[in-house]
Structures are given as structure tokens and as C-alpha cells.
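Descriptive structure summary
Here is how the chains run, residue by residue.
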Amino acid sequence: MNKYYTLLFFLCSYFSYSQLSFQDSSGAKGVGVSYGASTYGGGVSFCDFDGDGWDDITYSTTDGEEVYFYKNNNGVFSLIDLGINDTYRTKQVIWIDYDSDGDKDFFATSISGLNKFYRNDGNMSFTDITATCGLFTDNKYTYGASFGDIDNDGDLDVMICNRDEVLFDQYNYLYRNDAGIFVDITVDAGLNLTNQLSFTSAFFDYNNDGFQDIYVANDKVANINRLYENDGDGTFTDVSVSSGAGIAIDAMSTTIGDYNNDGWFDIYITNTTAGNQLLENIGDGTFVNVSPTVGTEFLSIAWGAVFIDADNDADLDLYVSAMEDGTNPARLPSAFYENDGTNNYSIPSGIGFANDTRISFSNAIGDFNNDGYPDIIVMNDTENNFLWENTTSNSNNWIKINLTGVTSNKDGIGSKIEINAGGASQYRYTLNGEGYIGQNSNSEFVGIGTSTTIDYIKVTWLSGTVDTFNNISPNQTLNIIEGQALSVNEYDLTSVQLFPNPVADKLNIRLNNSSTTNFKVELYNLLGKKVLSEDKEGLNARIDLSNYATGIYVLKCIAADKVITKKVIVE
């Protein structure tokens, strides 16, 4: 009997974790560079900066180096010159559509010179507007910048976090965006005006009242973290103490997510060896640290952190970076925390992170090969950055969601998304500037496990508009425009079945619920090279993969302007 239970436990553990898999593809994909010796690391963005549907990568750089812009070319990156010649020691690098013209503008903070702002004039041609946009133009030792819409007027405001260890007299600044000109409202808004050694901030709606509040991570125990509640009239109330969010630690990150799927957004804050804190939002205006209970304390020198559903099993996992190299066994160099489905976390072994031992700071998630499984980019100091490619193999389903505001800000920042599948809801919140000086993809990634239909997706925009879409097929990217119904094309090629998968020879392709009778099949290897292209007729097709090398491929089914992407495993 004991042997039976031992075997059962082994099988349960195996099937819980065996499908999770990551590999470092930074060299193979062309992004294997490093920040250089630093003061508390550099920032990274995984944002699609040119709007072509592929997540690009932007690296901050140290003194004398221009910011690195890596364009994603169907899963392989190339370094490009955007004419942005910022050679200061940059920290946050972040893309926003501040003027609501439909393209991404660029902002970079610095601790050795000026923060720089560049307007995208179209076709990725940029104008330096640093001196004319209204933001301060002297060195205040800025680390983080985050964007949100505090007055729900449809344009993005900015919070700038300064960490002054020179004069110790710089505070943080809040600017309101007035038709493209930023106005300093720090004093009028009621924010703290003392030097608090702030690293980062995040705009989110902690009390679900429809207005964006601000959370700030402050370094050193003398400076409690700040939670500013938006009063809805351009002013804020400091509820740091009364909410329990005003913790006194060496805080680095402001990582926002709903780890327990209760509709109230929680905060994960990295710390030193005293332990990271996961502040669970109780829903009554208060937070409680549950990190010791759920297993996410880390107990090392942590910096970047990001929530990620790595295996698309409908719960949020967590990845944490540290400025440790693994030589001290008492301090973790990094950690991937797997959510067991009951919101308890543990670190699985053998999933690819064994060599994650470089001194690391910022991180962010994106989906560089558009296979529906989010990847992780990590900024390292003197060794090459990591691109942790998600090579997880399972049959779970997913949805990617992109938002475009009409009355709300163009990027859809500050929107709450509810995704209901299999009778259970998950929640996402769109941010711009998060974690430790990081920026995630503009796409929201949601795994739905074995559910084959999404019962509904509900988007609550900052304008107050609520859009609901029913009976959505998974494994596609959904582009939602505020106040508009999904177009016919977005339902036209909504479901593709592949079987068998994994496959040794013949792969069958079946289109479900489709009015399309002609489509193209393309197959790409993990280097982004197209290795097959065939035109098909009807709703059922077959391709022969018997002569292809074993491994993971990306298959695309294309009909008109609709593309469905699926992962294929050749045995």
C-alpha cells in the first residue's frame, strides 16, 4: 500500500510540473547583450513599439551607450537605429502613446543626466520633445516612470520616481497630461514632498471605484511605501497606513496582479533578505501580507518580479530576479514560483532555470514568437541578458487580448478585464510601467486550462464603458476597440484543432465554426524561419511532417486578415 501511495504522489508531482519548460534563447534570437556594471541595474521593455503584432525588446544602457532597440522579425530580433541618441545612464525605458495619435512614443529616465522624451511623428520617426513637453529638465536621479490616466480624460499622465542619494532633497513628481503638455500637479494633488528614495510606482485601481490610485515603492525602512487613493477630483488621499500597504522595507518593485482571482488586485513587493511581501487585497480597503503563508518570501536580494501564467493553466505563477549569482547557498539567485491551483506556491525543479545565476535586476514578459505562451526577458549586469523562451508543452488553451481606447486613452491603460471560462473568472489590469523599472507587453496573456470556450470577456474601460463579448474561441489574439463589436473577421477563423500533437508524420488540421473555405498553412521553426507554406481548401487539411527534425514549431493558419497561431511538437 505504501508503494502505491508513493507512486501516486510521484505521478501527481510529475504531471503537475513536467510540462513546464524554459530555455535561454537570448543568443539564438540576437538579444544577448548586457547592461554593464551598474548601480541597481537597468530597465527593460517587452513592448511592440512599431505596432506590427510582434513584441519587440528595448534595453536601457549605461553611460556612453545608446539605448538598444531590438525589432522582432517573426521571432528573431535585429538591432535597429531609431535616431534616439540617449547616451546617459538610463533606467526605465518605456513606450506610450501620450498624444493619442495611434503610435508609440518613447520615454527614458536617467540617474546621470536628463530624462528624455521622444515623440513618434509616424513611421518610427522621432522628435526630441524633452525641453518642450513640460517635464523637469534637470537631473533628479530618476529610476521609475509609470503612466496612467488619473482624471479619466483620455490621455496619459505620468508619475516620476526619484531616488536621490546625493543631495537627499528630491521628491517624486506627478504630471497631468493636458493635450500633450505635462503640468506639474504634485503639490495640488497632495503627494508627499520629501525625499523617500523611491524606485518605482504603478497606477492601479485598488478599491474598484473606477479611478486609478498610485502605489510607490520606497527604499529603506525609514521610508514607508505610499498608497495614494484617487479622490476623483484631481487630488489624492494618503492611505498608506490605514490600508496596511505602507510597509517599511527595502522596497524595489510594484508588481500588480490578482493572484487569487477574486477581482481585487494585489501587490507583490521585492525586498532584501527580510523577505518579499505579497499584499493581498482584502477588498475592504486593506491589505495583508500573505507571502510567508503562500510561499513567496524569496529571502534574498530581490529586484524585478512579474506575474505570469507560464503553463496557461488559469492561475498566476511568479518569476523573481535577484542580484545574486548563486555562490551563496542561503540566497536565491532567482526563482520561478509555480501556483499549484490553490494559490500556494513552490519552486519546481528541472524546468530550465538551473543556470539562472547571473546578477539580475529588471524583468518583463512578452510573447516573442506569438505561440500563446509568455516568455520572460531579464536584465543582467555584466553577463548577457536572459531571454527565457517558454517551451512548455501541454494542451492548455489561451487568449491574448489587445485593447485600443476611443474615449479612454488609446493604449487602454487602466482597463479591468474579466475572462470567464469553465465557470471561473480571472482578472487582468492594464498597466504602463510595472515591476522594477520594467514594461510588459501591451498584450494581456490569459490561460484557460482545458476549457475549450471562453464564456465571456468583459472589459471595463476608464471612461466607464463596459464591453462584453460572449462565446469566444481560444488560442487567438483578440483586438478589442472600445465601444465596438468584434468584426466578422475576428470570428471568422476562431478555432483550429490539430491532431495528433505531438506528431510523428501526418498532422491533421480542422477548422471549427468557420465560414472560411480557403486558408494558408505556414510552419516556422524556433529561429523564426518559415519551413513550410501550403494553400488549403475546405475545413479539413493535412500536412506531412515526417521529414522535419524533432522539436517545437509554430504553425499559422491564415484566412483573409485573420491569423491563428498554434504550437506543434514534432517527435
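Keep in mind it's a predicted model, so treat the numbers as computed, not measured. (Residues numbered from 1 in each chain as written. Predicted model: local features only at pLDDT ≥ 70, side-chain atom pairs only at ≥ 80, totals over all residues. Heavy atoms only, no water.)

**A few points about the overall build of the protein chain**
- Check the secondary structure of the protein chain and you find 6 helices and 43 strands.
- Here the C-alpha atoms of the protein chain give a radius of gyration of 23 Å, agreeing with the 25 Å that 2.2 N^0.38 yields for 571 residues.
- By principal-axis analysis of the C-alpha atoms, the protein chain measures approximately 70 × 60 × 45 Å.
- Split into buried and exposed, the 571 residues of the protein chain put 58% on the buried side.
- Taking all contacts inside the protein chain whose residues are at least 6 apart in sequence as the whole, residues at least 24 apart take part in 54%.
- Here the protein chain displays about 20,500 Å² of accessible surface, and carbon together with sulfur accounts for 48% of that area.
- Averaging the coordinates of the 31 positive side-chain charges in the protein chain and doing the same for the 78 negative ones gives two points 8 Å apart. (Helix = DSSP H or I, 4+ residues; strand = E, 2+ residues; numbered from the N terminus. Rg over C-alpha atoms; globule rule 2.2 N^0.38 Å. Buried < 20%, exposed > 50% of the residue type's maximum accessible area, 1.4 Å probe, protein only. Contact = heavy atoms within 4.5 Å. Areas by Shrake-Rupley, 256 points an atom, 1.4 Å probe, with all protein chains shown as cover. Lys, Arg positive; Asp, Glu negative; His and termini not counted. Charge placed at Lys NZ, Arg CZ, Asp CG, Glu CD.)

**What about the domain arrangement of the protein chain?**
- On domain assignment, one finds that the protein chain holds domain 1 (22–390), domain 2 (397–481) and domain 3 (496–570).
- Distance from the C-alpha centre of domain 1 to the C-alpha centre of domain 3: 36 Å.
- Contact with domain 1, which involves 11 residues of that partner, is made by 7 residues of domain 3.
- Between domain 1 and domain 3, the buried area comes to about 770 Å², and carbon and sulfur atoms account for 51% of it.
- Area buried by domain 1 at its contact with domain 3 is led by Lys29, Asn74 and Asp371, which between them contribute 41% of it.
- At the boundary of domain 1 and domain 3, one finds 1 salt bridge.
- The interface formed by domain 1 and domain 3 holds 0 residue pairs in polar contact (both at pLDDT 80 or more) in total. (Domains from an automatic or database assignment. Buried area = accessible area lost by both parts, 1.4 Å probe. Salt bridge = Lys/Arg side-chain N within 4 Å of Asp/Glu carboxyl O. Polar contact = N/O pair within 3.5 Å; in protein donor to acceptor, adjacent residues only side chain to side chain.)

**Some remarks on unusual backbone geometry**
- Between Phe499 and the following residue, Pro500, the backbone shows a cis peptide bond with an omega angle of -10 degrees.
- For Pro500, the position within the fold is in the loop between β37 (495–499) and β38 (506–512).
- The residue after Asn501, namely Pro502, is reached through a cis peptide bond having omega 15 degrees.
- The residue Pro502 is located in the loop between β37 and β38 in this model.
- At Asn208, a position not held by glycine, the phi torsion is positive, near 55 degrees.
- Mapped onto the elements of the fold, Asn208 is located in the loop between β14 (198–204) and β15 (213–218).
- With a relative accessible area of 28%, Asn208 lands in the partly exposed category.
- Unlike most non-glycine residues, Asn343 shows phi in positive territory, near 70 degrees.
- Among the secondary structure elements, Asn343 is positioned in the loop between β24 (334–339) and β25 (345–346).

**Examining the environment of Asp155**
- Mapping Asp155 onto the fold places it in the loop between β10 (142–148) and β11 (157–162).
- Distance from Asp155 to Tyr98, taken between C-alpha atoms, is 6.4 Å for residues 57 residues apart in sequence.
- Setting aside its immediate chain neighbours within four residues, Asp155 contacts Tyr98, Gly148, Asp149, Asn177, Ala179 and Asn409.

**Focus: the pattern of salt bridges**
- Per the counting criterion, the structure on display carries 19 salt bridges.
- Of the charged contacts in the structure, one is a salt bridge between Arg89 and Asp63, with a shortest N-O distance of 2.9 Å. Taken together, the residues span a long stretch of sequence, with Arg89 in the loop between β5 (76–80) and β6 (90–96) and Asp63 in the loop between β3 (57–59) and β4 (68–73) at a distance of 26 residues.
- Given the relative accessible area of 23%, Arg89 is considered partly exposed.
- Taking the shortest distance from any N to any O, the salt bridge between Asp371 and Lys567 comes out at 3.7 Å.

**A look at the packing of aromatic side chains**
- The full count for this structure, using the stated rule, is 35 aromatic pairs.
- Each ring, one from Phe49 and one from Phe69, has its centre 6.3 Å from the other, and the planes form 90 degrees; the classification is edge-to-face. Placement of Phe49 in the loop between β2 (44–45) and β3 and of Phe69 in strand β4 is noted, with a sequence separation of 20 residues between them. Neither residue differs from the other here; Phe49 and Phe69 are each classed as buried.
- An aromatic cluster of three or more residues is present, and its members are Phe22, Tyr319, Phe336, Phe353, Phe386 and Trp388. (Phe/Tyr/Trp six-rings, centres within 6.5 Å; stacked < 30°, edge-to-face > 60°.)

**Some remarks on the sheet that holds strand β19 (residues 266–269)**
- The antiparallel open sheet is built from 4 strands, whose spatial order is β18-β19-β20-β21. Every interior strand has two partners, whereas the edge strands, β18 (255–257) and β21 (287–289), have only one. Direction aside, the axes of adjacent strands within the sheet are offset by 25 degrees on average.
- As judged from the 3 bridges shared by β19 and strand β20 (residues 277–281), these two strands associate in the antiparallel manner. Bridged to Ile269 within β20 is Gln277. (Pairing = 2+ DSSP bridges. Axes fitted to C-alpha atoms, helices over the stretch in contact; angles between N-to-C directions.)

**Points about the sheet that holds strand β23 (residues 317–322)**
- Pairing is antiparallel across the open sheet formed by 4 strands, whose spatial order is β22-β23-β24-β25. What marks the edges here is a single partner per strand, and that holds for β22 (302–308) and β25.
- Relative to β23, β22 runs antiparallel, the two being bridged by 5 bridges. Within the sheet, the bridge partner assigned to Phe307 lies in β23 and is Leu318.

**Side note on the pairing of strand β27 (residues 375–380)**
- Counting buried residues in β27 gives 6 out of 6 residues, a clear majority hidden from the surface.
- Neither face of β27 is exposed, since Asp375, Ile377 and Met379 on one face and Ile376, Val378 and Asn380 on the opposite face are all buried.
- Examined bridge by bridge, strand β26 (residues 360–366) and β27 share 5 bridges and lie antiparallel to one another. From the neighbouring strand, Ser360 faces β27, where its bridge partner is Asn380.

**Here's the deal with the confidence of the model for the protein chain**
- Across the protein chain, the average pLDDT comes to 92, with 93% of residues at or above 70.
- A low-confidence stretch, residues 1–18 (pLDDT under 50), is modelled with 5 contacts involving residues beyond four sequence positions or located in other chains.
- Of the regions scoring below 50 in pLDDT, residues 487–494 engages in 28 contacts with residues more than four places distant in sequence or in other chains. (pLDDT = per-residue confidence, 0-100.)

**Things to note about the pairing of β11**
- For β11, a buried count of 6 out of 6 residues is recorded, marking the element as mostly surrounded by other parts of the structure.
- Of the two faces of β11, the one carrying Asp157, Met159 and Cys161 and the one carrying Val158, Ile160 and Asn162 are both buried.
- In the sheet, β10 pairs with β11 via 5 bridges, with the strands oriented antiparallel. Directly across from Thr142, in β11, lies its bridge partner Asn162.
- One ladder, built from 3 bridges, connects β11 with strand β12 (residues 173–178); its direction is antiparallel. Looking across to β12, one finds that Ile160 is bridged to Tyr173.

**Describing the side chain of Thr142**
- By the secondary structure assignment, Thr142 is in strand β10.
- At 3.1 Å, the side chain of Thr142 forms a polar contact with the side chain of Asn115.
- Within the structure, the side chain of Thr142 is placed 2.6 Å from the side chain of Asn162, a separation counted as a polar contact.
- What Thr142 contacts, discounting residues up to four positions off in sequence, is Lys91, Thr109, Ser110, Ile111, Asn115, Phe136, Ile160, Cys161 and Asn162.

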